[in-house]
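The primary structure of each chain is shown beneath.
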Amino acid sequence: MNEYDSERMLALLRGEYVPCRRPEEADLILVNTCSVRQKAEEKVYSLVGRFKQLKARRPEVVIGICGCVAQQEGKHLVKRLPHVDMVLGPRRIFHLREALREIEAGHRPVVWVELDGDWSPPPPGPLGERPVKAYVTIMQGCDNFCSYCVVPYVRGREISRPPEEILREVECLVSQGVREVTLLGQNVNSYGRKEQGFPSFAELLRLVSEIEGLWRLRFTTSHPKDLSPDLIEAFGELEKLCEHLHLPVQSGSNRILRLMNRKYTREEYLEKVRRLREVVPEIALTTDLIVGFPGETEEDFRETLALLEEVRYQEIFSFKYSDRPLARARDFPEKVPEEVKAARLAEVHRVQARITGEIYRSYLGRQEEILVEGRSERNPALWTGRTRTNLVVNFSAPEDLDLKGALVHVLIKDTGKHSLRGEYLATLKGP
Ligand code: 5AD
Ligand code: SF4
């Protein structure tokens, strides 16, 4: 979501500014920030701290902090980092041009962190490097208040974009060569629930997948409690909808899930997984996981490990619990010691590395449909793209072929730690 926000902010500045390579060359520096975990927040302070000397040398440089840390800290940021000119929360970032006018008029610092009022991303405009895939935000904010999470406080209440606006944006992207779109929201399953006359999320998927020239559709993130039967059916129905679902479980222990305020049980989660696999047997699942939530015992943790074995995720994103300002769990007793958290994280990594390895090896000898994104950055002799299940595949092809943007068949011949290796077989569509 931050990537998307940054792209749209860049779009707003086109014509007025040109991107440059190094902060030393810049007239405007915007830092778009994440506050979901302590570590991300710390990175903001160290990065922006480094711009202090730069600002001393060239006071006319405008420095802005945008996004969730901006929201969380508001005017305190300017106190702590007096060389910052602008603080824009996630609901105010698209008012960037107005903010710059204010600064030009001598009204600095600008601190805009209101969470209500309009929030509306600008149209994408002309795309720079002819990307093959793109994100489209369909909603913003979250009403779930998981006890560890800062998001509802910094991104505000759920608000959905009108379906026509979303369709127009996807059409605009497709007309510029984009073939794969990922719909974004903190909790896409509750899309349109609060707005009058909006389609449900599953209906929105149907509408988007009718857009001609779009080949692949994905979305993220889904809250397990809101994963509807209708959405599960959509996976079976919609050809463009790729066989991958990110379904954050967070913990395998019912006791911890309750403390986290997740509003589902381990059994309910597993039942949804079973149903998904009944509809789409080849579906790849990924998840987010927190270890060391306050009060997590060895037994709770074992239940999380057992869940990993039971679900067999293709990939997981696992984190040590970290206290966040405003989030309720900050005041929960029985904090898990740092070294226990680290040991549990290492164990999760060990178990999952084995499972991921096994899943990767199951691709060997298979012919996979790959949407080619371009040359591999690491090895430009190879092309790179993803399977429908969202695995990265690097592959060789005859030299005379330009495959960027094409849908191709690749024979999988080898596995790496984070990708598969293959060999071009045939072009199915495009570029
Ligand atoms: N500590 C650790 N991980 C967190 N996440 C969210 N808040 C916290 C926190 N306080 C993780 C969750 C979420 C992902 C985006 O970040 O797993 O799904
Ligand atoms: Fe945070 Fe929970 Fe909302 Fe996800 S659903 S953004 S974890 S509060």
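Residues numbered from 1 in each chain as written. Chains lettered and ligands numbered in written order. Predicted model: local features only at pLDDT ≥ 70, side-chain atom pairs only at ≥ 80, totals over all residues. Heavy atoms only, no water.

A few points about the site of ligand 2
Stage number 1. Neighbouring ligand 2 are Cys-142, Asn-144, Phe-145, Cys-146, Tyr-148, Cys-149, Val-151, Pro-152, Gln-186, His-223 and Arg-262.
Stage number 2. A breakdown of the residues in the shell around ligand 2 according to their chemical character gives 7 nonpolar, 3 polar and 1 charged. (Near = heavy atom within 4 Å. Nonpolar A, V, L, I, M, F, W, Y, C, P; charged D, E, K, R; others polar.)

Section: helix α9 (residues 201-209)
Stage number 1. If you check which residues of α9 are buried, you get Phe-201, Ala-202, Leu-204, Leu-205, Val-208 and Ser-209. End-on, the buried residues of α9 take up no more than an arc of 155°, which puts them together on one face.
Stage number 2. Where the residues of α9 are buried, they touch α8 (163-175), β8 (180-184), β9 (216-220) and α10 (229-237). (Buried < 20%, exposed > 50% of the residue type's maximum accessible area, 1.4 Å probe, protein only. Helix = DSSP H or I, 4+ residues; strand = E, 2+ residues; numbered from the N terminus. Arc of directions from axis to C-beta. Contact = heavy atoms within 4.5 Å.)

Quick notes on the environment of Val-78
Stage number 1. Its place among the elements puts Val-78 in helix α5 (residues 75-80).
Stage number 2. Those residues within four positions of Val-78 in sequence are excluded, and the remaining contacts are Val-84, Val-87, Pro-109 and Val-111.

So, the packing of helix α12 (residues 266-279) against helix α13 (residues 298-311)
Stage number 1. Where α12 meets α13, the axes come as close as 12 Å, and the angle between the chain directions of the two elements is 10°. Considered as vectors, α12 and α13 are oriented roughly parallel to each other. On the side of α12, the interface is formed by Arg-266, Tyr-269, Leu-270, Val-273 and Arg-277, while α13 contributes Glu-303, Ala-306, Leu-307, Glu-310 and Val-311.
Stage number 2. Taken together, the residues of the contact of α12 with α13 sort by class into 6 nonpolar, no polar and 4 charged. (Axes fitted to C-alpha atoms, helices over the stretch in contact; angles between N-to-C directions. Parallel < 35°, antiparallel > 145°, perpendicular 65-115°, else oblique.)

Overview of the sheet that holds strand β16 (residues 407-415)
Stage number 1. Strand order in the closed barrel formed by 5 strands is β13-β14-β15-β17-β16, with mixed pairing between adjacent strands. The mean inter-strand angle of the sheet, taken between neighbouring strand axes irrespective of direction, is 55°.
Stage number 2. Bridge analysis of strand β15 (residues 392-396) against strand β17 (residues 420-429) gives 4 bridges, and the strand direction is parallel. Bridge pairing in β17 places Phe-395 opposite Gly-422. (Pairing = 2+ DSSP bridges.)

Focus: the site of ligand 1
Stage number 1. Taken together, Val-36, Arg-37, Tyr-148, Gln-250, Asp-288, Ile-290, Phe-319, Lys-320, Tyr-321, Ser-322 and Arg-324 are the residues near ligand 1.
Stage number 2. Here an oxygen atom of ligand 1 sits 2.7 Å away from a polar atom, N or O, in the side chain of Gln-250.
Stage number 3. For ligand 1, the protein covers 87% of the area, taking 400 Å² as the surface of the free molecule.
Stage number 4. Listed by contribution, the elements that provide at least two residues to the shell around ligand 1 are β11 (284-291) and β12 (315-320).
Stage number 5. For the shell around ligand 1, the residue count by class is 5 nonpolar, 2 polar and 4 charged. (Polar contact = N/O pair within 3.5 Å; in protein donor to acceptor, adjacent residues only side chain to side chain. Areas by Shrake-Rupley, 256 points an atom, 1.4 Å probe, with all protein chains shown as cover.)

Quick word on unusual backbone geometry
Stage number 1. With an omega of 5°, the peptide bond between Thr-220 and Thr-221 qualifies as cis.
Stage number 2. Mapped onto the elements, Thr-221 comes out in the loop between β9 and α10.
Stage number 3. Of note, Glu-334 is a non-glycine position whose phi angle comes to about 55°, a positive value.
Stage number 4. Topologically, Glu-334 is positioned in the loop between β12 and α14 (338-361).
Stage number 5. Residue classification places Glu-334 among the exposed residues on the basis of a relative accessible area of 60%.
Stage number 6. Located in the positive-phi region is Asn-390, a residue other than glycine, with phi close to 75°.

Focus on the domain arrangement of the protein
Stage number 1. You can read the domains of the protein as domain 1 (2-112), domain 2 (123-242) and domain 3 (367-429).
Stage number 2. Summarising the inter-unit geometry, the C-alpha centres of domain 1 and domain 3 are found 37 Å apart. (Domains from an automatic or database assignment.)

Section: the pairing of strand β13 (residues 367-375)
Stage number 1. As defined by bridge partners, β13 adjoins β16 across 5 bridges and the pair is classed as antiparallel. When the sheet's bridge partners are listed, Leu-371 is paired in β16 with Leu-407.
Stage number 2. Relative to strand β14 (residues 383-386), β13 runs antiparallel, the two sharing 4 bridges. Bridging from a neighbouring strand, Arg-375 pairs with Trp-383 of β14.

Describing the environment of Gln-53
Stage number 1. Relative to the helices and strands, Gln-53 resides in helix α3 (residues 52-57).
Stage number 2. When the C-alpha positions of Gln-53 and Glu-233 are compared, they lie 56 Å apart, and in sequence the two are 180 residues distant.

Thoughts on the sheet that holds strand β5 (residues 133-137)
Strands pair in a sheet through their backbones, by hydrogen bonds, and they do so in one of two ways: parallel or antiparallel.
Stage number 1. Strand order in the open sheet made by the 3 strands is β5-β8-β9, with parallel pairing throughout. Looking along the sheet, the strands with just one partner apiece sit at the ends: β5 and β9. Here the average twist between neighbouring strands, direction ignored, is 25°.
Stage number 2. Two strands pair when backbone bridges link them, and β5 and β8 are joined in this way by 5 bridges, in the parallel orientation. Within the sheet, the bridge partner assigned to Tyr-135 lies in β8 and is Thr-182.
Stage number 3. On the sheet, helix α1 (residues 2-13) packs against β5 and β8 and is oriented at approximately 95° with respect to β5.

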